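Chains, contacts and geometry: an overview
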Amino acid sequence: MMPASPKSGDESLASAFGIGQPQTRVEDARFVQGLGRFVDDIEMSGAAHMVVVRSPHAAAKIESIDISRATAMPGVLGVFTGKDLVTEGIGTLHTSVKRKRRDGSAMPEPPFRLLALDATRFAGDAVAIVLGDSLATAQDAAEQVSVTYEDLPSATDAVAAVREGAPAVWPQAAPDNVCFVFEQGDRAAVDAAFASAHHVTRLDFRVSRVSANSLEPRNALGVFDPAEGRYTLYTGTQMPHKLRAELAETILFVPATSIRVVSPDVGGAFGMKGSPYPEQALVLWAAKKIGRPVRWSASRNESFLSDYHARDTASSVELALNSEGIFLALRIKTHANLGAYLAFNTPHSSTNNLGGLAGTYRTPHIHAEVVGVFTTTQPNAPYRGAGRPEATYAIERVIDVAAAELGIDRVELRKRNLIPRDALPFKTGLVFTYDSGDFKRNMELALQAADWDGFETRRAEAARRGHLRGIGIANAIEIAGGPFNNPNEEAADVRFDANGDLTILLGTHNHGQGHETAFRQIAVSLLGVHPERTRVASGDTDLIAHGRGTFGSRSVMVGGAAVARASEKIVARARRIAAGILEAGENDIEFDAGYFRVAGTDRAIRIEEVARRSHVPASFPEEAEYGLSASVIVTPKEASFPNGCHICEVEIDPETGLMRLVAYVVVDDVGTIINPLLVKGQIHGGMVQGLGQIQGEEIVYDESNGQILTASFMDYGMPRAEDVPAITVISNPSPTPSNSLGVKGVGEAGTVGALPVIMNAVVDALSPLGIRHLDMPATPYRIWAAIQAAGGAAAE
Ligand code: MCN
């Protein structure tokens with residue numbers, strides 16, 4: 001624990017708790033004691049429970065809804081349908097990412113209603129809400145809501161949905177269900193490079209559909225205060241301010257000041273909680289309607305049926321090479337499954353991070369085409385990486401296939417094409433300009449740590465046990481916190497109170513990343529304050545004036561830069577006040593570790609004392625303002641590009657097809673590290689989410705009727721602790737010039753590398769059987785079937 005008195009041990013503070021220190025998370029003390037405060041922990045007397053009646057059909061016409069039996073049940077406080085919302089002029093959800101159709105016209109944006117009106121478009125689509133004085137009452141009454149549907153044909157697969165004769169999800173996108181066609185890159189230059197290529201490698205692959213499965217399911221607690229005419233929404237969200245704006249401007253049509261959004265502790269979000277959802281608006285509307293607070297919390301099964309899903313792309317990628325194995329061009333065509341509705345970020349993942357296709361390579365020309373397709377499935381939304389893992393998967397898988405086709409070692413092929421360190425900043429063949437890094441060194445460190453050269457011995461040893469062992473390598477790079485997610489400013493209010501204690505109010509919002517620790521560390525280093533006398537707060541629109549939120553691995557890079565700038569402003573003002581108190585010239589005052597000192601003397605004053613005095617204007621009469629605080633907004637002009645090299649090994653039991661990840665090494669460059677423990681934790685967590693997607697996670701629909709077949713943990717294969725080997729994380733940092741702290745993001749880095757590297761290792765293990773590619777997830781059945789199709793395994 002840090003000394004409580006600001007008078008002792010100040011100089012050692014930064015070395016104990018400052019930037020770069022492996023400080024354990026201060027928030028864990030409350031979490032491990034069960035003192036976390038999640039939405040369900042908030043008691044609200046008289047709160048009604050909301051249950052959502054959901055469509056059992058993937059596509060259906062609603063012929064009638066009979067609510068009479070449900071309404072008459074004791075304890076039922078109200079039953080409402082889409083018609084009630086229309087009657088009351090309630091708006092719809094909408095998307096922030098606009099794309100065009102192939103002919104240049106605007107993409108269709110069919111209405112995303114809070115409750116379906118005359119048709120449902122996925123199994124789980126919300127049709128009615130039932131409010132009861134207990135959850136059991138509301139659940140029982142929900143079963144009595146009688147909806148007559150006319151079942152219609154469904155279309156769950158994006159590639160099939162564009163084919164002639166596929167059922168039309170929306171008349172606006174008939175006949176091919178195409179919402180948009182998005183192109184990036186110079187198609188003519190790419191075509192010319194392909195025409196002159198010595199070799200072209202083509203790979204068709206799918207990135208499976210997954211669900212985030214946060215530990216704390218989605219929830220919402222709505223309160224309406226008739227005295228003030230004001231709504232309060234308690235909900236787990238990544239972007240409280242944006243949610244408030246959407247609720248105010250497009251759904252409830254009230255001034256934003258009439259809505260307060262509070263997002264307390266959030267038990268995991270992973271991108272999935274980054275968009276507004278129907279239930280968040282419904283609890284507010286219903287609370288006003290019935291005159292009682294309204295709470296809703298998704299069950300796990302309901303989460304599978306109503307959370308926005310992610311990934312779900314089918315691509316063909318082609319790599320053109322010259323006779324020396326130099327990459328000349330890359331092109332990719334992707335069908336992206338958008339789901340039935342455009343949620344706030346739906347087109348984002350498939351179109352905004354295509355720049356990652358360049359990888360860490362010099363490929364001069366790249367072209368990407370993405371066809372966004374409506375289907376009768378849940379809306380698509382960002383999920384850890386949001387297009388970055390998909391892009392890295394494309395380039396890193398096709399390199400392995402190209403290496404095999406050309407008979408060039410896959411490490412050698414990568415090295416021949418790497419962007420050299422002295423070429424940075426480097427404008428890639430598609431969109432991005434990389435800031436800093438040493439990709440070659442990343443590879444060298446990883447190859448060494450993973451004992452790449454000793455692998456054949458391990459393969460042979462596994463073969464003696466009857467197992468197939470494979471090793472994979474993938475270079476990873478992704479964008480973090482850049483201006484590409486416009487607008488991308490972030491706010492921080494840093495203020496001392498009259499006692500000299502510090503509060504940091506953040507526009508970003510923690511949902512498990514450790515912000516309460518990391519932002520304290522920044523303040524300790526820059527202001528010399530005590531972590532115990534510093535409070536970090538976020539997630540309340542009444543408390544915090546402005547914020548974009550937490551997504552795109554931006555919080556510490558953009559939010560941290562805002563805190564750093566605010567700290568500079570505070571020190572500048574405090575120096576003026578300190579000069580007055582110490583009766584010295586401002587230029588003679590040095591600031592270090594929380595002390596303002598007259599240079600060359602022992603006359604000094606702590607920043608906390610300056611803060612206290614700043615609230616007593618008599619002690620600095622020349623100052624008009626009082627207090628010591630700064631409110632800052634920072635807009636990064638450039639993005640950062642966290643990068644790294646991942647190497648892993650897998651073993652496969654050919655009898656059962658069971659694959660196990662047995663070794664994993666990551667060399668990562670996340671710029672300046674605020675806290676190495678947090679960075680490792682993020683890489684571990686991100687990697688495990690990638691492992692989950694490769695080894696078993698998949699949302700599967702029955703194509704014949706659009707029913708989701710994997711809506712429970714009995715059917716959806718989450719990774720378990722026993723699936724994860726020890727992970728070696730080595731840092732090779734190149735601080736980025738894009739922000740004052742030199743920080744690059746890390747929140748998604750683990751996932752970006754994990755997808756390709758694990759699949760590369762799986763295919764390597766199977767390559768002696770002539771297997772060239774396997775689509776994820778590499779389940780035991782899929783591996784076993786591939787082995788059988790290849791004529792069976794003969795592990796020597
Ligand atoms: N950090 C650091 N040094 C760096 C970079 C980051 O010490 N050079 C620390 C930060 O202080 C922070 C953590 O690592 O505590 C992640 O920082 P950052 O990369 O800025 O990412 P964000 O905080 O913006 O978090 C967003 C990111 C995303 S986009 C997803 S998705 C994701 C992720 O974080 N969702 C998560 N990690 C998650 N972790 C948890 N537990 N829960 C989620 O929902």
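Everything below is about the structure shown above.
What counts as what
Residues numbered from 1 in each chain as written. Predicted model: local features only at pLDDT ≥ 70, side-chain atom pairs only at ≥ 80, totals over all residues. Heavy atoms only, no water. Pairing = 2+ DSSP bridges. Helix = DSSP H or I, 4+ residues; strand = E, 2+ residues; numbered from the N terminus. Axes fitted to C-alpha atoms, helices over the stretch in contact; angles between N-to-C directions. Contact = heavy atoms within 4.5 Å. 1 Å grid on protein atoms, 1.4 Å probe; cavity = no way out; pocket = protein on both sides within 12 Å on 5 of 7 lines; lining within 4 Å. Points joined across faces, edges and corners; volume = space filled by probe spheres on them. Nonpolar A, V, L, I, M, F, W, Y, C, P; charged D, E, K, R; others polar. Near = heavy atom within 4 Å. Polar contact = N/O pair within 3.5 Å; in protein donor to acceptor, adjacent residues only side chain to side chain. Areas by Shrake-Rupley, 256 points an atom, 1.4 Å probe, with all protein chains shown as cover. Buried < 20%, exposed > 50% of the residue type's maximum accessible area, 1.4 Å probe, protein only. Arc of directions from axis to C-beta. Core = buried A, V, L, I, M, F, W, Y, C linked by side-chain atoms within 4.5 Å. Salt bridge = Lys/Arg side-chain N within 4 Å of Asp/Glu carboxyl O. Phe/Tyr/Trp six-rings, centres within 6.5 Å; stacked < 30°, edge-to-face > 60°. Lys NZ or Arg CZ within 6 Å of the ring centre and 35° of its normal.

1. Some details on the sheet that holds strand β14 (residues 327-339)
Pairing in this open sheet of 5 strands is mixed, and the strands run β7-β15-β14-β13-β8 from one edge to the other. Edge positions in the sheet fall to β7 (178-185) and β8 (199-210), since each of these pairs with one other strand and no more. The sheet shows a mean angle of 10 degrees between the axes of neighbouring strands, taken without regard to direction. The sheet contact formed by β8 and strand β13 (residues 310-321) spans 11 bridges and is antiparallel. Considered in β13, the bridge of Thr201 is made with Leu319. Together, β7, β8, β13, β14 and β15 (365-374) form the strand contacts of helix α7 (residues 187-195), whose direction differs from that of β14 by roughly 125 degrees.

2. Comments concerning empty space enclosed by the protein
In total, this model carries 4 cavities of 30 Å³ or more according to the counting rule given. Within this model, the largest cavity holds a volume of roughly 160 Å³. Elements that contribute at least two residues to the lining of the largest cavity include exactly β8, β13, β14, α11 (348-351) and α12 (388-406). Element by element, the count of residues in the lining of the largest cavity is highest for α12, at 3 residues. Grouping the amino acids of the lining of the largest cavity by side-chain chemistry returns 8 nonpolar, 7 polar and 1 charged. One number sums up the size of the second largest cavity: a volume of about 90 Å³.

3. What to know about the site of the ligand
Taken together, 32 residues surround the ligand, and among them Ala269, His515, Ser555, Gln682 and Val746 come closest. Contact distances for the ligand include 3.1 Å between an oxygen atom and a backbone N or O atom of Val556. A distance of 2.9 Å separates an oxygen atom of the ligand from a polar backbone atom of Gly747. Coverage of the ligand by the protein chains reaches 96% of its 830 Å² of free accessible surface. Per-element tally for the shell around the ligand: the top contributor is helix α19 (residues 676-695), with 3 residues. Of the residues assigned to the shell around the ligand, the class counts are 12 nonpolar, 16 polar and 4 charged.

4. Some remarks on helix α13 (residues 410-417)
Taken residue by residue, α13 has Arg410, Val411, Leu413, Arg414 and Asn417 as its buried positions. Angularly, the buried residues of α13 cover 165 degrees about the axis, an arc narrow enough to put them on a single face. Structurally, α13 contributes buried residues whose contacts are with β13, β14, α12, α14 (439-449), β18 (468-477) and α20 (749-766). The N-terminus of α13 is capped by Asp409, whose side-chain oxygen sits 3.0 Å from the backbone nitrogen of Val411.

5. What to know about the layout of surface pockets
Roughly 480 Å³ of volume is contained in the second largest pocket. In terms of lining residues, the second largest pocket is bounded by 24 residues, among which Val51, Val52, Arg54, Ser299 and Glu302 are the most central. Those elements giving two or more residues to the lining of the second largest pocket turn out to be β1 (48-54), α5 (135-143), β12 (294-297) and α10 (300-306). Among the elements that take part in the lining of the second largest pocket, β1 stands out by supplying 5 residues, more than any other.

6. Brief notes about unusual backbone geometry
Excluding glycine, most residues fall at negative phi; most peptide bonds, likewise, are trans. Following Ala174, the chain continues into Pro175 via a peptide bond in cis, with omega recorded as 5 degrees. Positionally, Pro175 belongs in the loop between α6 (158-161) and β7. The omega torsion of the bond from Leu424 to Pro425 falls at 0 degrees, within 30 degrees of zero and hence cis. Structurally, Pro425 is set in the loop between α13 and β16 (426-427). Phi angles above zero are rare outside glycine, and Arg311 is one such case at about 60 degrees. On the secondary structure map, Arg311 appears in strand β13. Classification of Arg311 as buried rests on a relative accessible area of 3%.

7. Quick word on the side chain of Glu649
Along the chain, Glu649 falls in strand β26 (residues 643-653). Among the polar contacts listed, one links the side chain of Glu649 to the side chain of Arg469, at a separation of 2.6 Å.

8. Looking at the nonpolar core
In this structure, Leu357, Tyr664, Ile758, Val762 and Leu766 are the most contacted members of the largest nonpolar core, which totals 156 residues. Broken down by element, this core gets its largest block of residues, 11 residues, from α20. In contact with Val762, not counting residues within four places along its chain, are Val650, Ile652, Met659, Leu774, Ala778 and Ile783. Of all hydrophobic cores here, the second largest spans 44 residues; its members include Val529, Ile570, Leu582 and Leu741.

9. Looking at the sheet that holds strand β28 (residues 727-731)
Here we have 4 strands laid out as an open sheet, ordered β18-β26-β27-β28, and mixed in their pairing. Each edge of the open sheet is held by one strand with a lone partner, namely β18 and β28. The sheet shows a mean angle of 15 degrees between the axes of neighbouring strands, direction not considered. Judged from the 5 bridges that link them, strand β27 (residues 658-669) and β28 form a sheet pairing that is parallel. Directly across from Val665, in β28, lies its bridge partner Thr728. α20 contacts β18, β26 and β27 of the sheet and is inclined by roughly 150 degrees relative to β18.

10. So, the pattern of salt bridges
In the structure shown here, the tally under the stated rule is 51 salt bridges. When the shortest N-O distance is used, the salt bridge between Arg260 and Asp542 registers 3.6 Å. In this pair, Arg260 sits in strand β11 (residues 259-262) while Asp542 sits in the loop between β21 (534-538) and α17 (555-582), placing the two residues 282 residues apart along the sequence. Residue Arg772 pairs with Glu405 through a salt bridge whose shortest N-O separation is 3.0 Å. Highlighted residues: Arg772 in the loop between α20 and α21 (780-789) and Glu405 in helix α12, separated in sequence by 367 residues.

11. Details of the packing of aromatic side chains
What the rule picks out here adds up to 17 aromatic pairs. When the ring of Trp170 is compared with that of Tyr341, the centres are 5.7 Å apart and the planes differ by 70 degrees; the resulting orientation is edge-to-face. Here the residue Trp170 occupies a position in the loop between α6 and β7, and Tyr341 occupies one in the loop between β14 and α11, the gap between them amounting to 171 residues. The same class applies to Trp170 and to Tyr341, which are both buried. Each member of the aromatic cluster is reached from another via a ring pair, and the members are Phe112, Phe122, Trp170, Tyr277, Tyr308 and Tyr341. Positioned above the aromatic ring of Phe31 is the side chain of Arg30, whose terminal nitrogen or guanidinium carbon lies 4.8 Å from the ring centre. Arg331 extends its terminal NZ or CZ atom over the ring of Phe194, reaching a point 3.8 Å from the ring centre.

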